Amino acid sequence: MHVAPPSTTLVQDHVALAEIELCGDLIIAASAADGERLSSDRIDEVLKVAAERAARQVQQG
């Protein structure tokens with residue numbers, strides 16, 4: 001039986017890393033919130049939904 005040696009190459013999944021960062025941002029926002037839940041508007045603010053939407057609109061036209 002032959003086992004491949006450990007690789008020194010690091011593989012990064014940039015999409016997964018971005019999702020993890022967004023989850024962390026939501027957790028931080030939730031822990032700082034006064035209420036029991038974050039509002040939809042606050043979630044959009046934390047995730048920068050409006051900024052992303054505006055950037056796409058600029059790119060498209």
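The sections below set out a description of the structure shown in this document. (Residues numbered from 1 in each chain as written. Predicted model: local features only at pLDDT ≥ 70, side-chain atom pairs only at ≥ 80, totals over all residues. Heavy atoms only, no water.)

### Examining the overall build of the protein chain
Okay, step 1: Scanning the protein chain for helices and strands turns up three helices and zero strands.
Okay, step 2: Moving toward the C terminus, one meets the helices and strands of the protein chain in the order α-α-α.
Okay, step 3: Here the C-alpha atoms of the protein chain give a radius of gyration of 19 Å, more than 25% beyond the 10 Å that 2.2 N^0.38 yields for 61 residues.
Okay, step 4: Principal axes of the C-alpha set define a box for the protein chain whose edges measure 55 × 40 × 15 Å.
Okay, step 5: Within the protein chain, the fraction of its 61 residues that count as buried is 3%.
Okay, step 6: Here the protein chain has roughly 5800 Å² of accessible surface; of this, 56% comes from carbon and sulfur atoms.
Okay, step 7: Averaging the positions of the 5 positive and the 10 negative side-chain charges in the protein chain gives two centres separated by 4 Å. (Helix = DSSP H or I, 4+ residues; strand = E, 2+ residues; numbered from the N terminus. Rg over C-alpha atoms; globule rule 2.2 N^0.38 Å. Buried < 20%, exposed > 50% of the residue type's maximum accessible area, 1.4 Å probe, protein only. Areas by Shrake-Rupley, 256 points an atom, 1.4 Å probe, with all protein chains shown as cover. Lys, Arg positive; Asp, Glu negative; His and termini not counted. Charge placed at Lys NZ, Arg CZ, Asp CG, Glu CD.)

### Quick look at the packing of helix α1 (residues 14-32) against helix α2 (residues 40-47)
Okay, step 1: Here α1 crosses α2 at 135 degrees, and the two axes come no closer than 9 Å. Regarding the angle of α1 to α2, the classification is oblique. The crossing of α1 and α2 is right-handed. Here Leu22, Asp25, Leu26 and Ala29 of α1 come into contact with α2, specifically with Arg42, Ile43, Val46 and Leu47.
Okay, step 2: Here the contact of α1 with α2 is built from residues that sort into six nonpolar, no polar and two charged. (Axes fitted to C-alpha atoms, helices over the stretch in contact; angles between N-to-C directions. Parallel < 35°, antiparallel > 145°, perpendicular 65-115°, else oblique. Left-handed = near helix turned anticlockwise from the far one by under 90°. Contact = heavy atoms within 4.5 Å. Nonpolar A, V, L, I, M, F, W, Y, C, P; charged D, E, K, R; others polar.)

Nothing here speaks to function; it is geometry throughout.
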